[in-house]
Structures are given as C-alpha cells and as structure tokens.
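Analysis of the macromolecular model
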Amino acid sequence: MSALVNKKRKEIEENLEVVYDDDEVTVVIAPEEDELKRVIVDLLKEKPMDVKEIHSVLTNLASDEKIRKALYELAEEGRVIEDRKTKKFILVGN
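Rules and cut-offs
Residue positions are given per chain, counting from 1 as you read along its sequence in written order. In keeping with the model being predicted, local features are shown solely for residues with a pLDDT of at least 70 and side-chain atom pairs are shown and tallied solely at 80 or more, while totals for entire chains, interfaces and linings include all residues. The basis for every side-chain value is the complete set of non-hydrogen atoms in the structure, without hydrogens or water. Only C-alpha atoms enter the line fits that serve as axes; for helices the fit covers just the stretch in contact. Angles between N-to-C directions range over 0 to 180 degrees. The helix count covers DSSP runs of H or I at least four residues long, the strand count covers runs of E at least two residues long, and both are numbered beginning at the N terminus. Comment on the angle field: the value is read as roughly parallel under 35 degrees, roughly antiparallel over 145, roughly perpendicular from 65 to 115, and oblique elsewhere. Two helices that cross are described as forming a left-handed crossing if the nearer one is turned anticlockwise from the farther one by less than a right angle, and a right-handed crossing if clockwise. Throughout, a contact is declared for two residues whenever any of their heavy atoms are within 4.5 Å. For this classification, Asp, Glu, Lys and Arg are treated as charged, while Ala, Val, Leu, Ile, Met, Phe, Trp, Tyr, Cys and Pro are nonpolar and the rest, including Gly, are polar. For every residue, the accessible area (1.4 Å probe, protein chains only) is compared with the maximum for its type, and the residue is labelled buried under 20%, exposed over 50%, or partly exposed between those bounds. Site definitions follow a grid-based scheme: protein atoms alone, a 1 Å grid, a 1.4 Å probe that fits but cannot get out for cavities, and for pockets an open set with protein on both sides within 12 Å along at least five of seven lines, plus lining residues having an atom within 4 Å of a point. Grid points are joined across faces, edges and corners, and a volume is the space filled by probe spheres set on the points.

Some remarks on the packing of helix α3 (residues 51-58) against helix α4 (residues 64-76)
The geometry of α3 relative to α4 is characterised by a closest axis approach of 10 Å and an angle of 120° between their N-to-C directions. Viewed along their axes, α3 and α4 adopt a mutual orientation that is oblique. As for how α3 packs across α4, the hand of that crossing is right-handed. Residues Val51, Ile54, His55 and Leu58 of α3 touch α4, and the partners they reach there are Asp64, Ile67, Arg68 and Leu71. Looking at the contact of α3 with α4 residue by residue, the class counts come to five nonpolar, one polar and two charged.

In structure tokens form, the structure reads like this:
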C-alpha cells in the first residue's frame, strides 16, 4: 500500500469503534452507511478516485457493493459526479 493509502486508512480506523485490540490485531466496527459516505467524501477531498482506489483504502471495512451504493447515493444527492471517461468520482463544489 502507498503511504497516502496507509495514512488515510489509519485516519479512518482511528474514528471507528474498537471492539478488540492486542499486539497483533485490532477489530473495529465497520462504518455504517452515513459514516461510509462521510469517509468517501473525505477521500474525494484529496483527489478524484474510482471505486477500485476507494476500495483499496477501505479494504475489509466496506465491500465494493457498499462503496458503489454510497457513491451512487452521493451522486443522487448532488454531492459527487462520475467522470464517464475516467470512471473517477469527483466531489462537487471543490
């Protein structure tokens, strides 16, 4: 994983509820729909991203399906748009 992905992942994990933590593993509760949308908006503030890029940051926290659902809801709300050529999602108003 790139340094940016690691940094963003760490920031996201810090805001999730920890269920179990020891020297080898940390178990967190995955983000709910509204929280997932907030996380995706925060990621898109950095740069336009496609589903694969977003999923690389959110691996084991959100499935492709949940990410797509959140993105399409954000698009319906007018908060993001998808560049049809690059398939990247862009935050509206940035």
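Considerations on the environment of Asn60
Note on placement: Asn60 falls in the loop between α3 and α4. Overall, Asn60 belongs to the exposed group, its relative accessible area being 73%. For the pair Asn60 and Asn15, spaced 45 residues apart in sequence, the C-alpha to C-alpha distance is 15 Å.

Notes on the layout of surface pockets
In this structure, the largest pocket spans a volume of roughly 150 Å³. In this structure, the largest pocket is lined by Lys10, Glu13, Glu14, Val18, Thr26 and Val28. Secondary structure elements with two or more residues in the lining of the largest pocket: α1 (3-14) and β2 (26-28). It is α1 that contributes the most residues to the lining of the largest pocket, three residues altogether.

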